[in-house]
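# Coordinate inspection notes
Listed here are the chains, written in short residue letters.
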Amino acid sequence: MVYNSVQDIDVEKINSRIKDAIKEWGTQDDFFDDIPYSKQAFHKCVREKSMVSLSVLLEIAKKLDCDMGYLLCEYDEKRHIMADVKETTGLSSDVIDIILNMKDSFLKLSILNDLLKDDYFLAIINLLYMVDYHYEKGIELDKVEEKVESDYKNAETLEEREKFEKRYNDYRAEHKLHDANALANRYRLTVAFSRLLDKRYKALPDIDITDSESSWKQTNPKFKHPILF
């Protein structure tokens, strides 16, 4: 929210934001204990629908570790950068937090930068989307098939039964197609991930899995990578 005039300022909303933020931090007694402002003075502002001074607001923002703009309800994230990135990318606050917390680790950021530019990693993202899409479609069709099957059982005439039987078979065929696509894309995922590792760590020797409790060798024989798309 951008304030174009004093009349745009919603004091009640701002005081409510401050009160909620302090509640999330802890008790009001502890919060106002070491800043030059009292709990009673804040309660008076809330009652009289007036704002704390900017200097007090700055002290509150420092203690809450947030931007003043958040307390002023200009945006709903505690940091302006968080609000901008969220609006631009559509990423969740938790994910942006994870990325921002990587800033102290050059290696982590370097890996993330490399991955986001890698064709195989982008293929993995796309394949995950496709697997999810076909899987969700299969779940939707499960419900539709159950309904059509119920309609078939309750049909009173041969003509109705034939109609519901055809409809069920059509949905079932579509369901099988989505299942096949989900499985195919899941397989392509393993290939893309394997290629990503091969490309990134091509200097490493092959790993021979000898764990007796694993059935990897039996269920995953060595194979040549097929074309992804």
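Small disclaimer: the values here were computed from a predicted structure and weren't measured. (Residues numbered from 1 in each chain as written. Predicted model: local features only at pLDDT ≥ 70, side-chain atom pairs only at ≥ 80, totals over all residues. Heavy atoms only, no water.)

### Here's the deal with the nonpolar core
Grouped together as the largest cluster of nonpolar side chains are 23 residues, with contacts concentrated most on Ile18, Tyr37, Ile60 and Leu71. Among the secondary structure elements, those contributing two or more residues to this core are helix 1 (11-25), helix 3 (39-48), helix 4 (54-64) and helix 5 (68-71). When sequence neighbours within four positions are dropped, the list of residues in contact with Ile60 reads Ile18, Phe31, Ile35 and Leu71. Counting eight residues, the second largest nonpolar core, distinct from the first, contains Leu115, Ile124, Leu127 and Ala192. (Core = buried A, V, L, I, M, F, W, Y, C linked by side-chain atoms within 4.5 Å. Buried < 20%, exposed > 50% of the residue type's maximum accessible area, 1.4 Å probe, protein only. Helix = DSSP H or I, 4+ residues; strand = E, 2+ residues; numbered from the N terminus. Contact = heavy atoms within 4.5 Å.)

### What to know about a negative patch on the surface
On the surface, Glu156, Glu159, Glu160, Glu162 and Glu165 cluster together into a patch of negative charge. Of note, Glu165 is situated in helix 10 (residues 158-200). (Patch = residues over 30% accessible without salt bridge, like charges linked within 9 Å, V, L, I, M, F, W, Y side chains within 5 Å. Areas by Shrake-Rupley, 256 points an atom, 1.4 Å probe, with all protein chains shown as cover. Salt bridge = Lys/Arg side-chain N within 4 Å of Asp/Glu carboxyl O. Lys, Arg positive; Asp, Glu negative; His and termini not counted. Charge placed at Lys NZ, Arg CZ, Asp CG, Glu CD.)

### Describing a nonpolar patch on the surface
On the surface, Leu91, Val95 and Ile99 cluster together into a nonpolar patch covering about 190 Å² of accessible area. Relative to the elements of secondary structure, Val95 occurs in helix 7 (residues 93-100).

### Focus: the packing of aromatic side chains
The final tally for this structure, using the stated rule, is four aromatic pairs. Ring centres of Phe31 and Phe32 lie 5.3 Å apart, and the angle between their planes is 85 degrees; this geometry places the pair in the edge-to-face category. Given the relative accessible area of 6%, Phe32 is considered buried. Relative to Phe42, the ring of Phe32 has its centre 5.8 Å away and its plane inclined at 35 degrees; by these criteria the two rings are tilted. A residue pair is termed long-range when its members are at least 10 positions apart, and Phe32 in the loop between helix 2 (28-31) and helix 3 and Phe42 in helix 3 qualify at ten residues. One exposure class covers both Phe32 and Phe42, and it is buried. Through pairs of rings, three or more aromatic residues link up here, namely Trp25, Phe31, Phe32, Tyr37 and Phe42. (Phe/Tyr/Trp six-rings, centres within 6.5 Å; stacked < 30°, edge-to-face > 60°.)

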